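# Fold and geometry: a report
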Amino acid sequence: MTPERFPLAPMSPLIQGLTIGLLLLPLVFAIAAWVTQQAGLAGVALFLGVLYAGVWFGCRPTYFQVTDRDLTIVFPVWQRSVPIVTVTAVRQIGPTEFRQRFGSALRVGVGGLWGGFGWLWTSRGGWVEFYVSRTDHLVLIERSGHLPLLITPRSPQHFIGVLGISCDRGAP
């Protein structure tokens, strides 16, 4: 099978609004530092800029790649492979179904800046790993012996079909 790539889905309006608001913060602090001549405010602006660069390069995936052997989550400076043999189910779910299945969730990781990335502690399902750029069109990947994975690839139904074919080929 030729590897197939699925970019991270475009941001939903909510996440896009949060991202724009958060991206303005370093600018606000830089302007405040310039106007008030306070080095501490310039330090905050610089810290936020470095933090945002870290999120962009290290926490936000650029695409998901599916092969016969792996689902690879590709970030700008690293990648993570999930063996296909561990995947037991893959399906699209909405926010309402997510809440029904997992209950309330507390994020541990990045949230609001280009999406949500890291882990969710859920009241009914325990830990869930997630890399999402939207609040809808979620793809839930359940795995044996591992945390469930929640992602938002562009073309979720096509992604599910391709991953399902890879899982069928990798089944013993």
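In short, a report on the structure. Throughout this description, residue numbers start from 1 for each chain and increase along the sequence as written. For this predicted model, a pLDDT threshold of at least 70 governs which residues receive local features, and a threshold of 80 or more governs which side-chain atom pairs are given and counted, while totals over whole chains, interfaces and linings are taken from all residues. Remark: hydrogens and water are excluded; side-chain values derive from all non-hydrogen atoms of the structure.

Relative to the assigned elements, Ser 133 resides in the loop between strand E8 (126–132) and strand E9 (138–143). Each residue gets one of three labels from its accessible area relative to the maximum for its type: buried under 20%, exposed over 50%, partly exposed in between, using a 1.4 Å probe on protein chains only. On the accessibility criterion, Ser 133 (0% relative accessible area) is buried. Only 2.5 Å separates the side chain of Ser 133 from the backbone oxygen of Ala 9, close enough to count as a polar contact. Not counting the four nearest positions on each side in its chain, Ser 133 is found in contact with Leu 8, Ala 9, Pro 10, Met 11, Ser 12, Ile 15, Trp 114, Gly 115 and Thr 152. The helix and strand labels rest on DSSP assignments: H or I over at least four residues marks a helix, E over at least two residues marks a strand, and numbering proceeds from the N terminus. Polar contact criterion, stated in full: a pair of N or O atoms within 3.5 Å, where within protein one must be able to donate a hydrogen and the other to accept it, and residues adjacent in sequence count only if both atoms are side-chain atoms. We call two residues contacting when some pair of their heavy atoms lies within 4.5 Å.

Contact geometry for helix H1 (residues 13–36) and helix H2 (residues 39–59): axes closest at 7 Å, N-to-C directions at 160°. One finds that H1 runs roughly antiparallel with respect to H2. Once H1 is placed against H2, the crossing between them reads as left-handed. Packed against H1, whose contacting residues are Leu 22, Leu 23, Leu 25, Pro 26, Phe 29, Ala 30, Ala 32, Ala 33 and Thr 36, the element H2 presents Leu 41, Ala 42, Val 44, Ala 45, Leu 48, Gly 49 and Tyr 52 at the interface. Amino acid classes used here: Ala, Val, Leu, Ile, Met, Phe, Trp, Tyr, Cys and Pro are nonpolar; Asp, Glu, Lys and Arg are charged; the rest, including Gly, are polar. Split by residue class, the contact of H1 with H2 holds 14 nonpolar, two polar and no charged. The angle between two axes is taken between their N-to-C directions and runs from 0 to 180 degrees, where each axis is a line fitted to C-alpha atoms and a helix contributes only its stretch in contact. Oblique is the label for any angle not under 35 degrees, not over 145, and not in the 65 to 115 range, which are roughly parallel, roughly antiparallel and roughly perpendicular in turn. Each crossing gets its handedness from the near helix: less than a right angle anticlockwise from the far helix is left-handed, clockwise is right-handed.

For the rest of this paragraph, the subject is the sheet that holds strand E4 (residues 79–83). Ordered by their spatial adjacency, four strands build an open sheet running E1-E2-E3-E4, and the pairing between neighbours is antiparallel. Both outer strands of the open sheet, strand E1 (4–7) and E4, are each paired with one neighbouring strand and no more. Direction aside, neighbouring strands of the sheet carry axes that sit 20° apart on average. Relative to E4, strand E3 (residues 70–74) runs antiparallel, the two being bridged by five bridges. Within E4, the position partnered with Val 74 by the bridge is Gln 79. Strands are treated as partners if at least two bridges between them are detected by DSSP.

Geometric descriptors of this kind do not, in isolation, establish any biological role.
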